[in-house]
Amino acid sequence: MSKNFSERLLPRPSPESQHFWDGTKEGELRLQRCGDCGKSYFPPRPFCPFCSSRNVLVYPASGQATLYSYVINHLPTPGFDGPHAVAVVTLEEGPRMMTNIVDCEQTPDTLVLDMPLEVTFERQNDDITLPLFKPAS
Amino acid sequence: MKHQHVAVVGAAETTEMGVIPNLTELQLHADAALNALADAGLTAADIDGIACAGVAPDVLASYLGVTPTWIDGTHIGGSSFILHVRHAMVAIQAGHCKTVIITHGESGRSAVGAAGFPEFFAGRLGGEFEVPYGGNIPPTMFTIPALRYLKEFDLTIEDLAQVAVAQRKWAALNPRATFKDPITIDDVLNSKMIAYPFTLLMCCLRTDGGGALILTSADRAKDFSQPPVYILGTGESCEGPMISQMEDYTTSRAFRVAGEIAFAEAGIERDDVDHVMIYDAFAHVPLYGLEDLGFCKPGEAAGFIRDGHTSLGGKLPTNTNGGGLSYMHSGMYGMYAMQESVRQIRGLAPAQVPGAKISVALGIGGMFSVSGTIIFGNELP
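Residues numbered from 1 in each chain as written. Chains lettered and ligands numbered in written order. Predicted model: local features only at pLDDT ≥ 70, side-chain atom pairs only at ≥ 80, totals over all residues. Heavy atoms only, no water.

## Observations regarding the interface of chain A and chain B
Part 1 of the reasoning: Taken together, the contact between chain A and chain B spans 40 residues of the former and 33 residues of the latter.
Part 2 of the reasoning: Carbon and sulfur atoms supply 64% of the area buried between chain A and chain B, which totals about 2,900 Å² over both sides.
Part 3 of the reasoning: Counting across the chain A and chain B interface gives two salt bridges.
Part 4 of the reasoning: Between Arg148 of chain B and Asp114 of chain A there is a salt bridge, with the nearest N and O atoms lying 2.7 Å from each other.
Part 5 of the reasoning: Summed over the shared surface of chain A and chain B, the result is 15 residue pairs in polar contact (both at pLDDT 80 or more).
Part 6 of the reasoning: If you list the elements that add at least two residues to the side of chain A that touches chain B, you get helix H1 (18–25), strand S4 (64–73), strand S5 (84–91), strand S6 (96–99) and strand S8 (129–135) of chain A.
Part 7 of the reasoning: Here the side of chain A that touches chain B takes seven residues from S4 of chain A, the largest share from any one element.
Part 8 of the reasoning: For the side of chain A that touches chain B, the residue count by class is 27 nonpolar, nine polar and four charged.
Part 9 of the reasoning: Here two bridges tie S4 of chain A to strand S5 (residues 193–196) of chain B, and the two strands are oriented antiparallel to one another. Bridge assignment links Asn73 of chain A to a residue of S5 of chain B, and that residue is Ala195 of chain B. (Contact = heavy atoms within 4.5 Å. Buried area = accessible area lost by both parts, 1.4 Å probe. Salt bridge = Lys/Arg side-chain N within 4 Å of Asp/Glu carboxyl O. Polar contact = N/O pair within 3.5 Å; in protein donor to acceptor, adjacent residues only side chain to side chain. Helix = DSSP H or I, 4+ residues; strand = E, 2+ residues; numbered from the N terminus. Nonpolar A, V, L, I, M, F, W, Y, C, P; charged D, E, K, R; others polar. Pairing = 2+ DSSP bridges.)

## Some thoughts on helix H3 (residues 80–94) of chain B
Part 1 of the reasoning: Compared with an ideal rise of 1.5 Å per residue, which puts 15 residues at 21 Å, H3 of chain B spans 21 Å between its outermost C-alpha atoms and is within 8% of the ideal.
Part 2 of the reasoning: Just past H3 of chain B, the residue Gly95 of chain B takes up positive phi, approximately 85 degrees. (Expected span 1.5 Å × (residues − 1).)

## Topic: the nonpolar core
Part 1 of the reasoning: Among the nonpolar cores identified, the biggest contains 162 residues, and Leu67, Tyr70 and Phe133 of chain A together with Met338 of chain B are the most heavily contacted of them.
Part 2 of the reasoning: Sorting elements by how many residues they give to this core places helix H6 (residues 157–171) of chain B first, with eight residues.
Part 3 of the reasoning: If sequence neighbours within four positions are ignored, Met338 of chain B has contacts with Phe81, Ile82, Val85, Leu213, Ala361, Ile374 and Phe376 of chain B. (Core = buried A, V, L, I, M, F, W, Y, C linked by side-chain atoms within 4.5 Å. Buried < 20%, exposed > 50% of the residue type's maximum accessible area, 1.4 Å probe, protein only.)

## Digging into the side chain of Thr103 of chain B
Residues and elements named next belong to chain B.
Part 1 of the reasoning: Structurally, Thr103 can be placed in strand S4 (residues 100–107).
Part 2 of the reasoning: At 2.8 Å, the side chain of Thr103 and the side chain of His29 are in polar contact.
Part 3 of the reasoning: Setting aside chain neighbours within four positions, we find Thr103 in contact with His29, Ala33, Ala51, Cys52, Ala53, Leu60, Phe81, Gly211, Ala212 and Met335.

## A few points about empty space enclosed by the protein
All names here are of chain B.
Part 1 of the reasoning: A complete count under the given rule lists one cavity of 30 Å³ or more for this structure.
Part 2 of the reasoning: Looking at the largest cavity, its volume works out to about 60 Å³.
Part 3 of the reasoning: Lining of the largest cavity is provided by Val163, Ala166, Gln167, Trp170, Pro286, Ile305, Thr310, Thr318 and Asn319.
Part 4 of the reasoning: At four residues, H6 tops the list of elements feeding residues into the lining of the largest cavity.
Part 5 of the reasoning: Here the lining of the largest cavity is built from residues that sort into five nonpolar, four polar and no charged. (1 Å grid on protein atoms, 1.4 Å probe; cavity = no way out; pocket = protein on both sides within 12 Å on 5 of 7 lines; lining within 4 Å. Points joined across faces, edges and corners; volume = space filled by probe spheres on them.)

## Let's talk about the sheet that holds strand S3 (residues 56–60) of chain A
All names here are of chain A.
Part 1 of the reasoning: The strand order across the open sheet formed by three strands is S2-S1-S3, and the pairing between neighbours is antiparallel. The open sheet has two free edges, formed respectively by strand S2 (40–41) and S3, since each of these has just one partner strand.
Part 2 of the reasoning: Here strand S1 (residues 30–34) pairs with S3 via five bridges, running antiparallel. What sits directly across from Cys34, in S3, is Val56.
Part 3 of the reasoning: Along the sheet, H1 contacts S1 and S3; its crossing angle with S1, the most-contacted strand, is approximately 140 degrees. (Axes fitted to C-alpha atoms, helices over the stretch in contact; angles between N-to-C directions.)

## Some thoughts on the sheet that holds strand S3 (residues 70–72) of chain B
All names here are of chain B.
Part 1 of the reasoning: Sheet architecture is open: nine strands sit in the order S3-S2-S4-S7-S1-S8-S11-S10-S9, paired in mixed fashion. Each end of this open sheet is capped by a strand with a single partner; those strands are S3 and strand S9 (275–278). Strand-to-strand twist of the sheet, defined as the mean angle between neighbouring strand axes without regard to direction, takes the value 20 degrees.
Part 2 of the reasoning: With four bridges connecting them, S9 and strand S10 (residues 358–365) associate as parallel partners. Bridged to Met277 within S10 is Ala361.
Part 3 of the reasoning: In this fold helix H1 (residues 25–40) packs onto strand S1 (6–13), strand S2 (49–52), S4 and strand S7 (208–217), with an angle of close to 140 degrees to the strand it touches most, S4.

## Examining H6 of chain B
Part 1 of the reasoning: The end-to-end C-alpha separation of H6 of chain B is 22 Å, in line with the 21 Å expected for 15 residues at 1.5 Å each.
Part 2 of the reasoning: Summarising burial for H6 of chain B: 13 of the 15 residues are buried, a large majority.

## A look at the pattern of salt bridges
Residue and element names in this part refer to chain A.
Part 1 of the reasoning: Under the criterion given, the structure shown has 16 salt bridges over all chains.
Part 2 of the reasoning: Across the pair Glu26 and Arg30 runs a salt bridge whose closest N-O atoms are separated by 2.9 Å.
Part 3 of the reasoning: On the accessibility criterion, Glu26 (58% relative accessible area) is exposed.
Part 4 of the reasoning: By relative accessible area, which is 16% here, Arg30 ends up buried.

## Some remarks on the packing of helix H5 (residues 145–152) of chain B against helix H10 (residues 285–292) of chain B
Residue and element names in this part refer to chain B.
Part 1 of the reasoning: Running from N to C, H5 and H10 point in directions that differ by 60 degrees, and their axes come no closer than 11 Å. Relative to H10, the element H5 is oriented oblique. At the point where H5 passes H10, the crossing takes the left-handed sense. On the side of H5, the interface is formed by Pro145, Ala146 and Tyr149, while H10 contributes Leu287, Tyr288 and Glu291.
Part 2 of the reasoning: For the contact of H5 with H10, the per-class residue count stands at five nonpolar, no polar and one charged. (Parallel < 35°, antiparallel > 145°, perpendicular 65-115°, else oblique. Left-handed = near helix turned anticlockwise from the far one by under 90°.)

This is the structure:
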């Protein structure tokens, strides 16, 4: 992780998650799905958390989501300038993920639970592009 | 339960509480342990089982002068100590040890010889999939479910604020509480914004302190100077350390599973309970706890508190030491919840519930990640 407080703390991809970060670099939000029970899941792992099958595949998600819940963080946080939403979204395919909501005001009036969102990708460096979400167009 | 029961025969917190810049975390464990040994009329030579979290049990055993035949270093955050009690109970029943000491010490504010929070993320997926978005400290992780909870049950931020107000009333009766001055809902709402909807007074303290318990079998417990506090039921479970992956933001699976097991083991109903402690790192957690332990229906805990049922004279006095919001919170609060339960059952609490016979304590590890529930009583079933 970065030691510079002005920089966002970036993920370090693992052997089990590299496909996800390769995907975001290419503008794809990649999920995994079980070849046996058919359920989608997140975060990445090479087996199904619902039925323990190793028969899983990686596929691109639609990028559509809804806002499940959030806080607006007022504490100093590396890489953030002022209050910002730390949000959890429900993807169209079912899994949830933490993210930030961008391209809108970071206020309770603007950030309404269940509002439709779509993924957008923000490049951080050569290795890492983060999936963020913005109000659906 | 087939096996013989186990009882608490020694219980104490650290001599000082709050800001303790002159003791290391290890010495906070030891200070609490020495106080609990004195409470039980024992020395370290009488102890043959040891469990702790924060420092490793071998470190503490050698420091205290204990030669254990049973060791538990389960470290799952704030409810570690409740799980230690559960595990120690079985160890005593199995004959692995006779007299167990369980300690907590944490330099949560002064950070003297403390491990610190950052290690929390080592090897965890949260470091990869939550930290980059600002989900890197409890105020931005533990709190995230609250807005969904409020929406689903048509509640308001005032309903969160009143939790802090209710607990401050208990703290006013506790000379050792960090904050004792009364507060209003407006005071809570107007305090510094931390992570909307949570203001400062909806967040727990950061203090230094510790506590320790000594357990032995019910047969031997009768020979001690303190009245035995029997363990009637225990439960443990976990959901997971990533708040983004919590199944349902209106209810904690770990709370429900651990609570149900504990009540079934104790063979009691919710109406039998005289006193409750619910780990309150943030103001929304007692709402989940009251509901997931079955004291209130989903969405009704806020009204239950608003109507005074958890306050002085209410039917279910809750967090009577003032809780993590007003009493103290060193980081892993579960030990203090049990200490207050034991005080209440002994009849020695600063805000004593008259005639309290059965007390339930709910602990949490991580952010809704792990739960331990324990039910204490002053009589064997």
